[in-house]
Amino acid sequence: MREYLLYIKVGGESIRPAQAYVTPCFSVDQSFWQEREGCQLHVIGKSPSLAIAFSLREVVNARLADRQESSRAMSEEGLAELRELAVSTVRETASLYGREMMGEKPLQREWFEWVVEERSVAVSRRGAEGARTGGLGAKEDVGISSLLEGRALLWEEVETLLMKREVSGPDLTPILHRMVLAESADWQPGVRVSVKKSWWKHRLELTCDRCGSKRKEIELTICHTCGQGCAYCTVCLGMGRSKCCTPYLLVPSRSTVAREGAESRLQASQLRWTGSYSADQAVAAEQARRYVANHRPGATQFLIWAVCGAGKTELLFPSISEALAAGGRVLIATPRKDVVLELAPRLQRVFPHARVIAVHGPSTEKWEEADITIATTHQVMRYYQRFPLVILDEVDAFPYHNNPMLYRAVSRAVQPEGKLLYLSATPPRYLQKNLVTKLGARFSLPALSSYTHVLLPGRYHGSALPVPRVVTVQGLHKRLKASRPIPPLLELVRTSLQSERQLFLFVPRIDDVEKVIGYLTKFFPDEASQLAGVHAADPLREEKVRAFREKRYRLMVTTTILERGVTIPRSDVVVIGAEAPVFDEASLVQIAGRVGRSVDDPTGTVLFLQADRAPSPRAAVKQIRHMNQLAHTLRSRRVQT
């Protein structure tokens, strides 16, 4: 069982006369300060709970911030008072913990172990040579530091990373702690504990340092690791257990250069794309590239607002090339695993000399180094100030949209003064408000471009976005359940099949997938083998989507998991139950965007079936018509000039 010791450093070259530190190996601290400066180290106590040790460090440092108290810390009386302060704080924390764990009348027990130690160590400066290295002179220290650069990992994840990279043998504890002391890394407990005091009632505060979740999402427990009261975060549990006794290590990148040498950087940045841009695409792509190349302080966010089928991925190529040429790593974060799997091979083809990896839950590449990393937004939690350029695809999509945990993860992955480039066909209101310039005070229309955004209202092939037809069917869901005819639905299915087209059928809930499959099988029994359903929990999800792409299925009943990132030429769309809350304006615009994406088939049918009149379908139709109008205006201006 690992223990964490709290001590006070007094004297030396520090600006503050006294300061508290937490260490898992006191001998490393002694050696470190001996290399840097002469000082006195006064031990306060120790605990197997890192959260308790860090909580006490904050309390002691708050007391030491007062110059008079800081001076008293050098006396035996002052040290005794600080040790008593630590004991009383642990008791108060334990009382509040027990109350929340057991109710208003908690069991009388020691929830947290805290051992008082009364010893002081005088450290004499050894010399300047060690100070120049900051304690990272050993080859193994430097190698491990390099492997961890730009990552935010729990202790177990650090061990996994080093195992995957075939680094074994050295004791990690002193190596990682030397990095912390040398300020090339930071560490903290996975879940932080503190006491919030008020005149009315003191309360226990718990915060997950990895995802930022607060008390309601944190579970109290008796831990088998530290053998005492502990807590773990339930929100990011799928990424590993973040808890009070687990160290969480954050190692920022020390430089923006991901590859050694100018020649290798230029080779990685070489773009091998045989396509071409339309006039509007060329303007949008160049404006985004200039944003990436601009090193002006404060220019840290940019939005590419491009309609579905505008060729958003291709617009990114010059920006990615610019970042790679400067020696930086690039992260493309997207909410959907399906999009990660689709983007990785596309980018590898156009950047053949760059290392491209796909990072998602079961991915074997999540511990690898790369020039271009394509990751689901949850996996981005494992990065810390790593990327000079982060591209966030589909910023409006679930699960990223309105998720503070993922907002936090993406913002922490960007290096200081790095660039965050948003990509969306339906940007949320807050991004429009912050980044999109309007056409004057009298108009609500967005400007086509500014130094913080570019708007591309038309598709790359020049044809308009298909405008959905909204049909209200009384008793829609009862008809579906009773297998009674729904004429608009049956007509569209029949027309699509006769025209040798494929059809997406979107439903609001997983249970609806089998209902619609059964309904269609009754009315089109000869097409049963051409019919499939898919949802997020389907173990055959990837296989079915691949079969649909390969035209082995003609009809695909799906939840919103296929609303983005899937392109099927010659396809139509129907939404059954478009009034459901899951189908908001952005979702319906994205769903309609599945149709007419190819040059060979720029048109198609989009049908929204609703049981009752709802605002979202109307709003989606209005937005699509608005974009078509903007695109038409642009084309007319070009013809006139």
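Keep in mind it's a predicted model, so treat the numbers as computed, not measured.

Enquirer: Looking at this model, I keep getting lost on the packing of aromatic side chains. Mind explaining?
Expert: The description of two aromatic rings rests on the distance between their centres and on the angle between their planes. On inspection of all chains with the given rule, the structure shows 17 aromatic pairs. Relative to W33, the ring of F32 has its centre 5.0 Å away and its plane inclined at 80 degrees; by these criteria the two rings are edge-to-face. Through successive ring pairs, a cluster of aromatic residues spans Y7, Y21, F26, F32 and W33. The lysine or arginine in question, R241, covers the ring of Y232, its NZ or CZ lying 4.1 Å from the ring centre.

Enquirer: I keep staring at the sheet that holds strand β14 (residues 356-359) and nothing clicks. Help me out?
Expert: Pairing in this open sheet of 8 strands is mixed, and the strands run β14-β15-β13-β16-β17-β12-β19-β18 from one edge to the other. A single partner strand is all that each edge strand has here, and the edge strands are β14 and β18 (449-450). Sheet topology note: the strand β13 (residues 330-334)/strand β16 (residues 387-393) ladder contains 4 bridges and is parallel. In the strand pairing of β16, L331 is matched with V390. The sheet contacts of helix α13 (residues 337-350) involve β13, β14, β15 (372-376) and β16, and relative to β15 the element is tilted by about 165 degrees. Sheet strands in contact with helix α14 (residues 404-413) are β13, β16 and β17 (414-424), and its direction is about 125 degrees off that of β17.

Enquirer: Sorry if this is basic, but what is going on with helix α20 (residues 585-592) here?
Expert: One full turn of an α-helix is made of 3.6 residues, so residues set three or four places apart face in the same direction. The buried fraction of α20 is high, at 7 of 8 residues. For α20, the full list of buried residues reads A586, S587, L588, V589, Q590, I591 and A592.

Enquirer: Would you explain the side chain of R541 in this entry?
Expert: Tracing the backbone shows R541 in helix α19 (residues 541-549). For R541, a relative accessible area of 15% puts it in the buried group. Residues contacting R541, with those up to four places away along its chain left out, are D338, V534, H535, A536 and I561.

Enquirer: Honestly, the pairing of strand β22 (residues 531-534) in this entry has me stumped. Any pointers?
Expert: Here is the key point about a regular strand: its side chains alternate between the two faces of the sheet. The two faces of β22 match: L531 and G533 on one face and A532 and V534 on the other face are all buried. Bridge analysis of β22 against strand β23 (residues 555-558) gives 4 bridges, and the strand direction is parallel. Across the sheet, A532 pairs through a bridge with M556, a residue of β23. Handedness of the β22-α19-β23 crossover: right-handed.

Enquirer: How should I be thinking about the pattern of salt bridges in this particular structure?
Expert: Opposite charge on two side chains permits them to pair, given that their charged atoms come into close proximity. Across all of its chains, the model carries 34 salt bridges by this definition. For K515, the salt bridge goes to D512, with nearest N and O atoms at 3.9 Å. Pair noted here: K515 and D512 are both in helix α18 (residues 510-523), with a separation of 3 residues, about one helical turn. Residue K515 is classed as partly exposed on the basis of its relative accessible area of 46%. For D512, a relative accessible area of 7% translates into the label buried. Of the charged contacts, one joins R564 and E563 as a salt bridge, the two residues approaching to 2.7 Å between their closest N and O atoms. For the residue pair R564 and E563, the accessibility class agrees, reading buried in each case.

Enquirer: Before we go on, may I ask you to explain the nonpolar core in this structure?
Expert: The tendency in soluble globular proteins is for nonpolar side chains to be buried as a group. Ranked by size, the top nonpolar core spans 98 residues in total, and within it I304, I320 and I372 carry the most contacts. No other element matches α13, which puts 6 residues into this core. Beyond its immediate sequence surroundings of up to four residues, I320 is in contact with V330, I332, L347, F351, I372 and I391. Formed by 58 residues, the second largest nonpolar core is a distinct cluster that contains L6, L82, L148 and V251.

Enquirer: For this particular structure, what's the right way to read the sheet that holds strand β5 (residues 151-154)?
Expert: Across a sheet, paired strands are connected by hydrogen bonds in the backbone, their directions being either parallel or antiparallel. Sheet architecture is open: 3 strands sit in the order β5-β11-β6, paired in antiparallel fashion. Strands at the two margins of the open sheet, each flanked by one partner only, are β5 and β6 (186-189). Each strand of the sheet is rotated relative to its neighbour by a mean of 20 degrees, with strand direction disregarded. The pairing of β5 with strand β11 (residues 247-251) spans 4 bridges and is antiparallel. For L154, the partnering residue across the bridge sits in β11 and is Y248. Across the sheet, helix α2 (residues 50-64) is in contact with β6 and β11; its angle to β6 comes to roughly 110 degrees. Running over the sheet, helix α7 (residues 155-164) touches β5 and β11 and is turned about 110 degrees from β5.

Enquirer: In this structure, what is going on with the packing of α7 against helix α8 (residues 172-181)? I would like to understand it.
Expert: Helix-helix packing is characterised by the crossing angle of the two axes and by the distance between the axes. Where α7 contacts α8, the two axes come as close as 12 Å, and the packing angle between them is 110 degrees. One finds that α7 runs roughly perpendicular with respect to α8. Of the residues in α8, those touching α7 at W155, V158, E159 and L162 are L172, T173 and L176. For the contact of α7 with α8, the residue count by class is 5 nonpolar, 1 polar and 1 charged.

Enquirer: Help me understand the layout of surface pockets in this model?
Expert: Rolling a probe over the atoms, with the probe sized like a water molecule, indicates the empty space that remains. Looking at the largest pocket, its volume works out to about 600 Å³. Lining the largest pocket are 25 residues, with G311, E314, R346, T567 and R597 positioned closest to its centre. Mapped onto the lining of the largest pocket, the elements with two or more residues apiece are α11 (312-315) and α13. Considering every element that reaches the lining of the largest pocket, the biggest residue donor is α13, with 4 residues. Counted by class, the lining of the largest pocket contains 7 nonpolar, 10 polar and 8 charged residues.

Enquirer: Explanation requested: unusual backbone geometry in the structure shown.
Expert: Leaving glycine out, the prevailing phi sign among residues is negative, and the prevailing peptide bond configuration is trans. With a phi close to 60 degrees, E166 is a non-glycine residue in the positive phi region. By the secondary structure assignment, E166 is in the loop between α7 and α8. Judged by its relative accessible area of 74%, E166 falls in the exposed class. For E183, which is not glycine, the phi dihedral falls at a positive 60 degrees. Structurally, the position occupied by E183 is in the loop between α8 and β6.

Rules and cut-offs
Residues numbered from 1 in each chain as written. Predicted model: local features only at pLDDT ≥ 70, side-chain atom pairs only at ≥ 80, totals over all residues. Heavy atoms only, no water. Phe/Tyr/Trp six-rings, centres within 6.5 Å; stacked < 30°, edge-to-face > 60°. Lys NZ or Arg CZ within 6 Å of the ring centre and 35° of its normal. Pairing = 2+ DSSP bridges. Helix = DSSP H or I, 4+ residues; strand = E, 2+ residues; numbered from the N terminus. Contact = heavy atoms within 4.5 Å. Axes fitted to C-alpha atoms, helices over the stretch in contact; angles between N-to-C directions. Buried < 20%, exposed > 50% of the residue type's maximum accessible area, 1.4 Å probe, protein only. Right-handed = clockwise from strand over helix to strand, strands pointing away. Salt bridge = Lys/Arg side-chain N within 4 Å of Asp/Glu carboxyl O. Core = buried A, V, L, I, M, F, W, Y, C linked by side-chain atoms within 4.5 Å. Parallel < 35°, antiparallel > 145°, perpendicular 65-115°, else oblique. Nonpolar A, V, L, I, M, F, W, Y, C, P; charged D, E, K, R; others polar. 1 Å grid on protein atoms, 1.4 Å probe; cavity = no way out; pocket = protein on both sides within 12 Å on 5 of 7 lines; lining within 4 Å. Points joined across faces, edges and corners; volume = space filled by probe spheres on them.

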